[in-house]
Amino acid sequence: MTPDSAATPQASDRMPWSVLARYRPPVGLLLVLPALLLLAGFLLVPLVQSISYSFYDAGMIGESGRFVGLANYVNVFLSGKIGAISWVTVVWTLGSTAGQLVLGLLAAMTLLAAGRASVVLRSVLLLPYAVPAISLALVWRWMFSDGTGILTHWLQILGLFPLNASPLGSADVAIWLVVLANIWHGFPFAMLIYLVALQQIDPALYEAAGLDGANVWQKFRYITLPSLRSATIALLVLRGIWTATSFDLPWLLTGGGPAGTTYVWPIWIYEEAMGFFRPGRAAVLALLLGLAIAAVVYAFRRVIRQSLSH
């Protein structure tokens, strides 16, 4: 055996180890890997389990049940509820999100103009966000009760509502009262985001616009609103998702009534799972809601990208 032939196998044996020795994984990936694994466990495991539940007919969550294929999907689509509940969920989501953004922006602009008083005012305006949903629901139900509700009393005095009736029991008014309660509860989050974004705008832009003769509305339209584009997009996505998946406030205020006018999609999921003990159908509803939200976010992202490119 020649020296060259003896050295060749040794070099080939060392080659994989030399490649591994030269490999340096990104430090950032190593740092976030535990969090990614934990997040994947919290997201993927429930997702896979929900998909599995949707193909089985079990009486209780945790039971294996029997395999029924697409029967749960067919039953959901043939239930006749999807259209009405989807419409209520859209009204609830869009009304709450739009109201929270508008009121949050007005509150943020008020804080910015308040000067030293903004510290106290900010604490007051943050109170609604700190109130638990159950406390909020109890207070609003008391204010709009048919017998002792203070707001119901004034509505009746003004002739806007009949005697011995609660606005929360009116099919025409209930959904808007629930939306109003959610706006009051969630606007402080939008206020904080907008306040930070407003503080990042260069005051020189307003001074230059004033020298050019721009009025208050023109400054707001051509300087303030474009500067808040990123914050608004983030708030639309976050608040929209949180509202569409919100269960507590509509359930605690009206229980989905009257006549299903406040029956949003999460209440349907809850009643299928915990009321009728049909986790398979509840899993189908949860998956459909998730797919709908993902589709809306994707379409919204495409529209924003196209508007920014032009």
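Refer to the structure presented above.
Note that the structure is a prediction, hence the values are computed from the model and not measured.

Draft legend 1. Here's a closer look at the overall build of the protein. A count of helices and strands for the protein gives 14 helices and two strands. Projected onto the principal axes, the alpha-carbon positions of the protein cover approximately 110 × 70 × 40 Å. Taking all 310 residues of the protein together, 33% fall into the buried category. Here the protein has roughly 19100 Å² of accessible surface; of this, 70% comes from carbon and sulfur atoms. A gap of 6 Å separates the mean positions of the 17 positive and 12 negative side-chain charges of the protein.

Draft legend 2. The arrangement of the packing of helix α4 (residues 82-114) against helix α5 (residues 118-130) in detail. Put simply, α4 and α5 touch, their axes get as near as 8 Å, and they point 160° apart. Between α4 and α5, the interaxial angle falls into the category roughly antiparallel. Our pair here, α4 against α5, has a crossing hand that is right-handed. On α5, the residues that touch A107, T110, L111 and A114 of α4 are S118, L121, R122 and L125. Classifying every residue of the contact of α4 with α5 by side-chain character gives five nonpolar, two polar and one charged.

Draft legend 3. Local environment of helix α6 (residues 133-143). Within the sequence span of α6, burial applies to A133, L136, A137, W140 and M143. Summarising the axial view, the buried residues of α6 lie within an arc of 130°, below the 170-degree limit, and thus occupy one face. Contacts from the buried residues of α6 go to α7 (150-157), α8 (174-199) and α12 (248-253).

Draft legend 4. Main features of the environment of A214. Note that A214 resides in the loop between α9 (203-211) and α10 (216-227). According to the relative accessible area criterion, A214 is partly exposed, its value standing at 24%. Non-local contacts of A214, meaning those with residues more than four positions away in its chain, are made with A209 and K219.

Draft legend 5. Expanded view of the nonpolar core. Counting 34 residues, the largest nonpolar core has W92, W140, L249, L253, W265 and W268 as the members making the most contacts within it. Listing elements by their share of this core, those giving two or more residues are α3 (71-77), α4, α6, α8, α12, α13 (265-275) and α14 (279-309). Excluding anything up to four places from it in sequence, W92 contacts I175, V178, V179, N182, T243, S246, L249, P250 and V264. In this structure, L195, I201, F220 and L228 belong to the second largest nonpolar core, which totals 21 residues.

Draft legend 6. A look at the environment of L289. The topology assignment puts L289 in helix α14. Sequence-distant contacts of L289, that is, excluding residues within four places in its chain, are made with A244, T245, W265 and I269.

Draft legend 7. View of the pattern of salt bridges. Taken as a whole and judged by the stated rule, the model has two salt bridges. Across the pair R66 and D57 runs a salt bridge, and its minimum N-O distance is 3.6 Å. When its relative accessible area of 53% is taken as the criterion, R66 is described as exposed. Using a relative accessible area of 35% as the deciding quantity, one classes D57 as partly exposed. For the salt bridge of E272 with R278, the shortest nitrogen-to-oxygen distance reads 2.8 Å. E272 gets classed as buried once you look at its relative accessible area, which sits at 4%. Here R278 falls in the partly exposed class, since its relative accessible area comes to 28%.

Conventions we followed
Residues numbered from 1 in each chain as written. Predicted model: local features only at pLDDT ≥ 70, side-chain atom pairs only at ≥ 80, totals over all residues. Heavy atoms only, no water. Helix = DSSP H or I, 4+ residues; strand = E, 2+ residues; numbered from the N terminus. Buried < 20%, exposed > 50% of the residue type's maximum accessible area, 1.4 Å probe, protein only. Areas by Shrake-Rupley, 256 points an atom, 1.4 Å probe, with all protein chains shown as cover. Lys, Arg positive; Asp, Glu negative; His and termini not counted. Charge placed at Lys NZ, Arg CZ, Asp CG, Glu CD. Axes fitted to C-alpha atoms, helices over the stretch in contact; angles between N-to-C directions. Parallel < 35°, antiparallel > 145°, perpendicular 65-115°, else oblique. Left-handed = near helix turned anticlockwise from the far one by under 90°. Contact = heavy atoms within 4.5 Å. Nonpolar A, V, L, I, M, F, W, Y, C, P; charged D, E, K, R; others polar. Arc of directions from axis to C-beta. Core = buried A, V, L, I, M, F, W, Y, C linked by side-chain atoms within 4.5 Å. Salt bridge = Lys/Arg side-chain N within 4 Å of Asp/Glu carboxyl O.

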